[in-house]
Amino acid sequence: MTTNSTAATVTRGSCTCGANTFEVKAGVPMQRFYCHCLYCQQFMGKPATDVTFVRAKNIVIHAEHATFNNPKVLPPGFAHGRGSRFGNPDKGRFAKCARLNRGRCDECGQPFIETIGGSAGMVFIPSGNFEHQDALPPVQRHIYYRLRVQNVTDDLPKHHYFASSQFAIYRMISRLFRRP
Ligand SMILES: [Zn+2]
Ligand SMILES: [Zn+2]
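Residues numbered from 1 in each chain as written. Chains lettered and ligands numbered in written order. Predicted model: local features only at pLDDT ≥ 70, side-chain atom pairs only at ≥ 80, totals over all residues. Heavy atoms only, no water.

As named in an unreviewed UniProt entry, the protein is CENP-V/GFA domain-containing protein, taken from Kribbella qitaiheensis. The record in UniProt for the protein states the following under Sequence similarities (unreviewed entry): "Belongs to the Gfa family." (UniProt positions renumbered as here; feature names shortened; annotations may be inferred.)

So, in structure tokens, the structure goes:
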């Protein structure tokens with residue numbers, strides 16, 4: 001155990017420019033999914049978001065150059081009524097995967113990391129922000145698939161609606177608490 005360098009004992013990553021970084025402890029359980037919710041679409045600027053998440057206790061975040069937001073309403077016109085059966089068509093009432101604090105880099109403007117629940121909670125990371133993609137688990141499923149911009153032709157489970165998407169997330173979270 002004395003020959004392990006620091007680099008070998010963590011999985012690192014950053015925003016696109018590298019101003020903000022994170023380190024995940026080696027060997028901790030991670031879960032990964034595609035989210036098609038409108039808030040992820042807006043934050044990422046992509047039709048679907050490839051997200052990997054870990055327990056907050058297993059990651060160190062250096063976000064001195066990031067700004068975090070937890071938007072309640074989508075930009076005007078963004079939702080186009082999708083995901084909103086009542087009220088404000090831009091609010092996307094049933095279209096948010098979680099109340100995430102979404103951190104964007106102040107320097108490069110790219111999505112960096114998302115947190116929920118503080119130190120006892122979870123941290124969601126755009127999978128592309130990991131330095132080594134081969135350190136990531138396989139993608140498990142699609143959630144909020146009914147809000148998709150594009151059809152996907154893989155064989156992964158696809159959860160269309162709010163309840164089944166949330167239940168899928170809870171099950172993935174529960175796996176992070178299992179002993180190896
Ligand atoms: Zn950056
Ligand atoms: Zn989402």
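Having seen it, we continue.
With respect to topology, 7 strands assemble into an open sheet ordered 6-7-8-9-4-3-10, the strand pairing being mixed. Single-partner strands in this sheet number two, and they are strand 6 (66–69) and strand 10 (142–143). Inspection of the sheet shows strand 7 (residues 101–105) paired to strand 8 (residues 111–116) by 4 bridges, in the antiparallel sense. Each residue of the ladder has a partner; that of Asn101, found in strand 8, is Thr115. Each of strand 3 (31–35), strand 4 (49–55), strand 9 (122–126) and strand 10 touches helix 2 (residues 162–175); the most contacted strand, strand 3, lies at about 165 degrees to it. (Pairing = 2+ DSSP bridges. Helix = DSSP H or I, 4+ residues; strand = E, 2+ residues; numbered from the N terminus. Contact = heavy atoms within 4.5 Å. Axes fitted to C-alpha atoms, helices over the stretch in contact; angles between N-to-C directions.)

Coordination sphere of the zinc ion (ligand 2), protein contribution only: Cys35 (SG), Cys37 (SG), Cys40 (SG) and Cys97 (SG), at 2.2 to 2.4 Å. Look at where the donors of the zinc ion (ligand 2) fall in the sequence and you get C-x1-C-x2-C-x56-C. Of this pair, Cys35 sits in strand 3 while Cys97 sits in the loop between strand 6 and strand 7, and the two are 62 residues apart along the sequence. Across the pair, exposure class does not vary: Cys35 and Cys97 are buried alike. (Donors = N, O, S within 2.8 Å, 3.2 Å for Na, K, Ca; no water. Buried < 20%, exposed > 50% of the residue type's maximum accessible area, 1.4 Å probe, protein only.)

The next subject is the coordination of the zinc ion (ligand 1). Each protein donor to the zinc ion (ligand 1) is listed here as Cys15 (SG), Cys17 (SG), Cys105 (SG) and Cys108 (SG); together their distances run 2.3 Å. With 4 donor atoms in place around the zinc ion (ligand 1) and angles of 102 to 119 degrees between them, the coordination shape is tetrahedral. Mapped onto the polypeptide sequence, the residues donating to the zinc ion (ligand 1) form the spacing pattern C-x1-C-x87-C-x2-C. Residue Cys15 is located in the loop between strand 1 (10–14) and strand 2 (21–25), and its partner Cys108 is located in the loop between strand 7 and strand 8; the two are separated by 93 residues in the primary sequence. (Tetrahedral: all angles 85-135°; square planar, octahedral: opposite > 155°, others 65-115°.)

Judged by nonpolar contacts, the single largest core of 23 residues is most densely connected at Phe33, Cys35, Phe53, Cys97 and Ile143. For this core, the element with the most residues is helix 2, which contributes 4 residues. Judged by nonpolar contacts, the second largest core, of 17 residues, contains Met30, Ala63, Cys105 and Val123. (Core = buried A, V, L, I, M, F, W, Y, C linked by side-chain atoms within 4.5 Å.)

Okay, the pairing of strand 1 next. Relative to strand 2, strand 1 runs antiparallel, the two being bridged by 5 bridges. Of the residues in strand 2, the one forming a bridge with Gly13 is Phe22. In textbook terms, the turn of a hairpin is the stretch between consecutive antiparallel strands, and for strand 1 and strand 2 this stretch comprises 6 residues, one of which, Gly18, has a positive phi near 90 degrees.

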